Amino acid sequence: MSRTRKALLFSVLFLIAPVVLAYYALPSAFVAPLLSLNRSLSSLQEHTTTVAGHQVHYLDGGSGETVILLHGIFAEKDHWVDFARELTPGYRVIAPDIPGFGESSRLADQSYQYAPQVERLHALVQQLGLRQFHLAGNSMGGTIAALYAAKYPGEVLSVAFIGAPHGIRSPKLSEMEQRVAQGEAPLIARNEAEFAGMMKMLFVEPPFLPRPILLDAQASAIRNAASNLRLWEDQRRDGYQLQAALPQLKAPTLALWGAQDRVFDISGLAVLGSLLPAAEQVTLPATGHLPMMERPAETATRYKAFLDS
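All chains use their own residue numbering, which begins from 1 and follows the written sequence. Totals for whole chains, interfaces and linings use every residue, but because this is a predicted model, local features are given only for residues with pLDDT of at least 70 and side-chain atom pairs only at 80 or more, for both listing and counting. The side-chain values count all of the structure's non-hydrogen atoms but skip hydrogen atoms and water molecules.

## Description of the packing of helix H4 (residues 114-127) against helix H5 (residues 140-151)
So the rule is basically this: The axes used here are C-alpha line fits, helices contributing only the stretch in contact, and every angle between their N-to-C directions lies in the interval 0 to 180 degrees. Secondary structure is summarised from DSSP: a helix means a run of H or I of at least four residues, a strand means a run of E of at least two, and numbering begins at the N terminus for each. By the definition adopted for this analysis, an angle is roughly parallel if under 35 degrees, roughly antiparallel if over 145, roughly perpendicular if from 65 to 115, and oblique otherwise. Any two residues whose heavy atoms approach within 4.5 Å are treated as being in contact. Residue type decides the class: Asp, Glu, Lys and Arg count as charged, Ala, Val, Leu, Ile, Met, Phe, Trp, Tyr, Cys and Pro as nonpolar, and the leftover types, Gly among them, as polar.
It is the contact of H4 with H5, at a shortest axis distance of 9 Å, that shows an interaxial angle of 70 degrees. With respect to each other, H4 and H5 are oriented roughly perpendicular. Taking contact as the criterion, the partners of Tyr 114, Gln 117, Val 118, Glu 119, Leu 121, His 122 and Val 125 in H4 are, on H5, Met 140, Thr 143, Ile 144, Leu 147, Tyr 148 and Lys 151. Grouping the constituent residues of the contact of H4 with H5 by class yields eight nonpolar, three polar and two charged.

The structure is reproduced here in structure tokens:
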């Protein structure tokens, strides 16, 4: 190797080494830049507004008919970013941090059961000037979408369950439901081991997450464990509202359900179909509870075909 090439190599290493060291020594410094880069790849930008006494953060981007994406319990808006990459060329995508979650306000004196969450979503869409839109959600978000569509049918062009929704009595109890029956709260992580167990329950093949993002998610889950338990109990009290609401849905509906979902068993898809026979039902092989993260491109392609039709 020539002296010039050696000098160039050492110069590059000299510049890169501090960044690599910082990536491992100060991972929190990389969270915001990594999130911003990923959002930009999906043509999404972050915005903030005030709704029903809550500061609400949301992502917005793309053009065309509006699609609102609603995350599940203890999740947040950025869980939709890779999924949204397939949609923003032809649709306007809005992904909020539902009040009580993500960067949006969580207030100690407020309830985060389904009825007030539906009204907060209604206040948000009114504030954004939306008249008609598609609603899609995962888990808790899917249930909010369905309850919203049942109450405000004139606003909702379609409903999609991107992964199993909460609130269906499956013939076979899932792993999570069995543990809940034993008094556990499997989606509450109070330490690193419980966070790892939660991740194992959510995915068949965990998606790649940059180390700073994963560590930030872990720290947030552990920090908010006590508060998360209150929201968990709020949802448990709401029981099976979705099962009662499904026959009221008039909008075209898509149900995507992971075949290996450990949170809500795949046997629940047949129950959903019996209550809403016009719904398009799709079983996603080798997929867990969060298909928009585990298989974002494949899941979004299926959803886009539904929208386009």
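## Quick notes on the pattern of salt bridges
Selection criterion: Throughout this description, the term salt bridge denotes a Lys or Arg side-chain nitrogen within 4 Å of a carboxyl oxygen of Asp or Glu. Each residue gets one of three labels from its accessible area relative to the maximum for its type: buried under 20%, exposed over 50%, partly exposed in between, using a 1.4 Å probe on protein chains only.
For the structure on display, the rule yields 14 salt bridges. With a closest N to O distance of 3.8 Å, Lys 77 and Glu 46 form a salt bridge. Here Lys 77 is found in the loop between strand E3 (66-70) and helix H3 (81-84), whereas its partner Glu 46 is found in strand E1 (residues 45-51), with 31 residues between them in sequence. Residue classification places Glu 46 among the partly exposed positions, given a relative accessible area of 32%. Through salt bridges that share partners, Arg 39, Glu 46, Lys 77, Asp 78, Asp 97 and Glu 103 make up one connected network.

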